[in-house]
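Okay, here's what each chain looks like letter by letter:
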Amino acid sequence: MTTEAAPTNRERAERGQSSTLLGIGANIALVLGKGTAGVVGHSYALIAEAIESGTDIFSSLIVWLGLRTAAREPNENHPYGHGKAEPLAAIMVAVALLGAATYIATEGIIHIITPHQLPAPFTLAVLAVVIAIKETLYRPVNKVGEEVDSNAVKADAWHHRADVITSCTAFVGISIALIGGKGWEAADDWAALVACCFIVYNAYHIFRPAFGEIMDEAPAGTWAEDIRALAEAVPGVMATEKCFVRKMGFEYFADLHVIVDGRISVREGHNIAGAVKVTIIRAKPAVYNVLVHIEPTE
């Protein structure tokens, strides 16, 4: 019975890059479509949507570059690899989202206090198409992000989901404006402001785990517990003490203290440490390296 090899760092990055390029292509088309429909249809909510999709293109390019960099092998200057480029790209995406939200909110307030025409009914059809496209994109990109364990790809997926949320908000705003008629022109501008709140929330949702990774925060889940259990199953290991795990891009690094019989030789302790390292990496291929420190019993 053969087992399928775990994807390499480069293979994970290539999958993430492919999903990102798909999103870039879709967003270019959406910027043109939403922007044109917003101007012709007198809908600032749609124009705001086009702006947000424009930042999606920029941030997706950042994600793409971050993934390419993170996949590079360790070298003399970066002995731990280039994995930090991946969460750094996610942080830059969050900053880009905050910038877009600020711009949209500012312009939305200006439109609220400035008289303008009602949005055209056809803008609702445009938004319905946008919602369908963006939700269709979100699902496979988020799946890739989960499978390759990439905060940057997950951030890119959340961009698509943010578009779904803001488009739904714009749809409601335009519908209110059209139903209310004269005097309700600003309804879709208020919808743009509400959309900004979702964008800011989305930015935080992206920023928090990426910042935690940059700061070497312990990864979510049971990584430390699983590594301890694997180590304690190795012959010669009496117990484990400290266990620290951190994530760098697509990979994990662990520092582990194991307790062995204090009467054994240095060579035997070295062999146990090697066995612990091999056991953990085989069981968890995402773990790139394990630093094992031997602690003797008294």
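Structure's up top.
Residues numbered from 1 in each chain as written. Predicted model: local features only at pLDDT ≥ 70, side-chain atom pairs only at ≥ 80, totals over all residues. Heavy atoms only, no water.

**Focus: the overall build of the protein**
Inference 1: For the protein, the helix and strand inventory stands at 8 helices and 3 strands.
Inference 2: Each helix and strand of the protein, placed in order from N terminus to C terminus, yields the pattern α-α-α-α-α-α-α-β-β-α-β.
Inference 3: A compact globule built from 298 residues should have a C-alpha radius of gyration of about 19 Å, whereas the protein, at 25 Å, is more than 25% larger.
Inference 4: Going through the 298 residues of the protein one by one, you find that 47% of them count as buried.
Inference 5: Looking at the protein as shown, the accessible area adds up to about 14,800 Å², and 65% of this sits on carbon and sulfur atoms.
Inference 6: With 23 positive and 32 negative side-chain charges, the protein shows a spacing of 4 Å between the two charge centroids. (Helix = DSSP H or I, 4+ residues; strand = E, 2+ residues; numbered from the N terminus. Rg over C-alpha atoms; globule rule 2.2 N^0.38 Å. Buried < 20%, exposed > 50% of the residue type's maximum accessible area, 1.4 Å probe, protein only. Areas by Shrake-Rupley, 256 points an atom, 1.4 Å probe, with all protein chains shown as cover. Lys, Arg positive; Asp, Glu negative; His and termini not counted. Charge placed at Lys NZ, Arg CZ, Asp CG, Glu CD.)

**Overview of the nonpolar core**
Inference 1: In terms of nonpolar packing, the biggest core is built from 32 residues, with Ala90, Ile104, Ile206 and Phe250 touching the most fellow members.
Inference 2: Put simply, the parts of the chain that give this core at least two residues each are helix H2 (44-70), helix H3 (85-113), helix H4 (122-148), helix H5 (151-180) and helix H6 (187-214).
Inference 3: Looking at this core element by element, the count peaks at 8 residues for H3.
Inference 4: Not counting residues within four places of it along the chain, the set of residues in contact with Ile104 comprises Tyr44, Ala48, Ile51, Glu52, Ala192, Cys196 and Ile199.
Inference 5: Cys243, Tyr252, Leu256 and Val258 belong to the second-largest nonpolar core, a separate cluster that totals 20 residues. (Core = buried A, V, L, I, M, F, W, Y, C linked by side-chain atoms within 4.5 Å. Contact = heavy atoms within 4.5 Å.)

**Considerations on a nonpolar patch on the surface**
Inference 1: On the surface, Val39, Val40 and Phe122 cluster together into a nonpolar patch covering about 280 Å² of accessible area.
Inference 2: A residue is classified by how much of its surface remains accessible, and Val40, at 52% relative accessible area, is exposed. (Patch = residues over 30% accessible without salt bridge, like charges linked within 9 Å, V, L, I, M, F, W, Y side chains within 5 Å. Salt bridge = Lys/Arg side-chain N within 4 Å of Asp/Glu carboxyl O.)

**Things to note about the layout of surface pockets**
Inference 1: In this structure, the largest pocket encloses a volume near 240 Å³.
Inference 2: Listed by contribution, the elements that provide at least two residues to the lining of the largest pocket are H5 and H6.
Inference 3: Of the residues forming the lining of the largest pocket, the biggest block, 3 residues, is contributed by H6.
Inference 4: Taken together, the residues of the lining of the largest pocket break down into 6 nonpolar, 2 polar and 5 charged.
Inference 5: Its volume calculated, the second largest pocket comes out at about 150 Å³. (1 Å grid on protein atoms, 1.4 Å probe; cavity = no way out; pocket = protein on both sides within 12 Å on 5 of 7 lines; lining within 4 Å. Points joined across faces, edges and corners; volume = space filled by probe spheres on them. Nonpolar A, V, L, I, M, F, W, Y, C, P; charged D, E, K, R; others polar.)

**Structural notes on the environment of Lys277**
Inference 1: In this structure, Lys277 sits in helix H8 (residues 266-283).
Inference 2: Separated by 140 residues in sequence, Lys277 and Leu137 place their C-alpha atoms 39 Å apart.
Inference 3: Ignoring any residue separated from it by four or fewer positions in sequence, one finds Lys277 in contact with Asn289, Val290 and Val292.

**Side note on the packing of aromatic side chains**
Inference 1: Under the counting rule described, the total for this entry stands at 4 aromatic pairs.
Inference 2: Centroid distance Trp223 to Tyr252: 3.9 Å. Interplanar angle 20°. Geometry classified as stacked. With a gap of 29 residues between them, Trp223 in helix H7 (residues 223-232) and Tyr252 in strand S2 (residues 251-260) connect regions that are remote in the sequence.
Inference 3: The class for Trp223 is buried, based on a relative accessible area of 16%.
Inference 4: The interplanar angle of 50° and the centroid separation of 5.5 Å between the aromatic rings of Phe253 and Tyr288 together place this pair among those described as tilted. Taken together, the residues Phe253 in strand S2 and Tyr288 in strand S3 (residues 287-296) connect sequence positions 35 residues apart.
Inference 5: The residue whose ring lies beneath Arg161 is Tyr138, and the NZ or CZ to ring-centre distance is 3.9 Å.
Inference 6: Sitting above the plane of the Phe253 ring, Arg246 keeps its charged end 5.7 Å from the centroid. (Phe/Tyr/Trp six-rings, centres within 6.5 Å; stacked < 30°, edge-to-face > 60°. Lys NZ or Arg CZ within 6 Å of the ring centre and 35° of its normal.)

**What to know about the sheet that holds S3**
Inference 1: Read from one edge of the open sheet, 3 strands run S1-S2-S3, paired in mixed fashion. Both outer strands of the open sheet, strand S1 (239-248) and S3, are each paired with one neighbouring strand and no more. Averaged over all pairs of adjacent strands, the angle between strand axes in this sheet comes to 15°, irrespective of strand direction.
Inference 2: Across the sheet, H7 lies against S1, S2 and S3, angled at about 135° from S1, the strand it touches most. (Pairing = 2+ DSSP bridges. Axes fitted to C-alpha atoms, helices over the stretch in contact; angles between N-to-C directions.)

**Some thoughts on the packing of H3 against H5**
Relative placement of two packed helices is described by the angle separating their axes and the distance separating the axes.
Inference 1: In the contact formed by H3 and H5, the axes pass within 7 Å of each other and the chain directions differ by 25°. Taken together, the axes of H3 and H5 lie roughly parallel to each other. Of H5, the residues touching H3 (which contributes Glu86, Ala89, Ala90, Val93 and Leu97) are Asn151, Ala152, Val153, Ala155 and His159. (Parallel < 35°, antiparallel > 145°, perpendicular 65-115°, else oblique.)

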